[in-house]
Amino acid sequence: MRFGYLVSGIVLALASINAVAEQPHHCAGPQLGTWRLESFSTEILETGEKTEPYGARPQGYLSYGADCRMYAIIVRQGRKAPAGSIPTDAEKIELFGGVLSYAGTYTIDGDKVSHHVDSSWNEAWTGTTQVREFRVEGKTLRIRSMPAKNPRDGRLSSSTIVWTKVQ
């Protein structure tokens, strides 16, 4: 009989842990909402070289929800549409090279936001945490990535991304 109580106790304990894990999260702060991409620049730390890997006028959106979920999509300026409705392999490669996107949850600690990536354009990012410095000034959000290997060329770099609040 004691074994039955033990099993029941374990089942109840696991159910309680699962219920706590499924509690909805709530995030607040000036980052909440949808932001439109204004600029994206990257500095190669070894040389000081600065580039705009998505062009001078890239497009994209970033959203931070009160449910602590986020998504980001960045698209290179002037991407060429495929010739037909189904892109060729070469066109797919060119299109893929002009986009960055990921989604997941986020946490904030002071002036740092951590993006806990659930899905990504680059599967190497899925399951990772991308830490960024951030600052909100009125309707402008500035994000700077921590020094890391650039996912496009492997060089140590840091990117600065400027967003404007969507009204």
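Now for a description of the structure that goes with this document. Keep in mind it's a predicted model, so treat the numbers as computed, not measured.

So, about the overall build of the protein chain. Of regular secondary structure, the protein chain possesses two helices and 10 strands. Its helices and strands in sequence order give the protein chain the pattern α-β-β-β-β-α-β-β-β-β-β-β, from N to C terminus. Here the protein chain holds 167 residues, and the buried ones make up 29% of them. When contacts within the protein chain are restricted to residue pairs at least 6 apart in sequence, those whose partners lie at least 24 apart make up 49%.

Moving on, we come to the state of the cysteines. Tallied over the entire structure, the rule returns one disulfide. Disulfide pairing places C27 opposite C68 at an S-S distance of 1.9 Å. Its S-S torsion of approximately 115° makes the covalent link between C27 and C68 right-handed. One end of the pair, C27, is in the loop between α1 (2-21) and β1 (33-44); the other, C68, is in the loop between β3 (59-64) and β4 (69-75), with 41 residues separating them in the sequence.

All right, on to the side chain of S145 then. Topologically, S145 is positioned in strand β8 (residues 140-145). Polar side-chain contacts of S145 include one of 2.8 Å to the backbone nitrogen of S159.

Turning next to the nonpolar core. Within the largest apolar cluster, 25 residues are counted, with the highest numbers of intra-cluster contacts made by L62, Y64, I74, L141 and W163. Listing elements by their share of this core, those giving two or more residues are β1, β3, β4, β5 (99-109), β6 (112-120), β8 and β10 (156-165). When residues no more than four places from it in sequence are discounted, the contact partners of I74 are L37, F40, Y54, Q59, G60, G98, V99, L100, I161 and W163.

A few words now on the pattern of salt bridges. Scanning the entire structure with this criterion turns up 10 salt bridges. Ionic pairing is found between R142 and E137, a salt bridge with its closest N-O pair at 3.4 Å. Classification of E137 by relative accessible area gives partly exposed; the value is 38%. Where salt bridges share partners, they join E49, D153 and R155 into one cluster.

Turning next to a nonpolar patch on the surface. A cluster of nonpolar side chains, Y61, Y71, I73 and V166, forms an exposed patch at the surface whose accessible area comes to about 320 Å². Relative to the assigned elements, Y61 resides in strand β3. On the basis of relative accessible area, Y61 is assigned to the partly exposed category, the value being 37%.

Next up on the list: the environment of G65. Within the secondary structure layout, G65 lies in the loop between β3 and β4. With near-sequence residues (within four places) excluded, G65 lies in contact with C27, L32 and Y106.

Another point: the side chain of S159. As for its position among the elements, S159 is in strand β10. Overall, the relative accessible area of 10% leaves S159 in the buried class. Ignoring anything within four residues of it in the chain, the contact list for S159 reads F40, S41, T42, I143, R144 and S145.

How each quantity is defined
Residues numbered from 1 in each chain as written. Predicted model: local features only at pLDDT ≥ 70, side-chain atom pairs only at ≥ 80, totals over all residues. Heavy atoms only, no water. Helix = DSSP H or I, 4+ residues; strand = E, 2+ residues; numbered from the N terminus. Buried < 20%, exposed > 50% of the residue type's maximum accessible area, 1.4 Å probe, protein only. Contact = heavy atoms within 4.5 Å. Disulfide = S-S within 2.5 Å. Polar contact = N/O pair within 3.5 Å; in protein donor to acceptor, adjacent residues only side chain to side chain. Core = buried A, V, L, I, M, F, W, Y, C linked by side-chain atoms within 4.5 Å. Salt bridge = Lys/Arg side-chain N within 4 Å of Asp/Glu carboxyl O. Patch = residues over 30% accessible without salt bridge, like charges linked within 9 Å, V, L, I, M, F, W, Y side chains within 5 Å. Areas by Shrake-Rupley, 256 points an atom, 1.4 Å probe, with all protein chains shown as cover.

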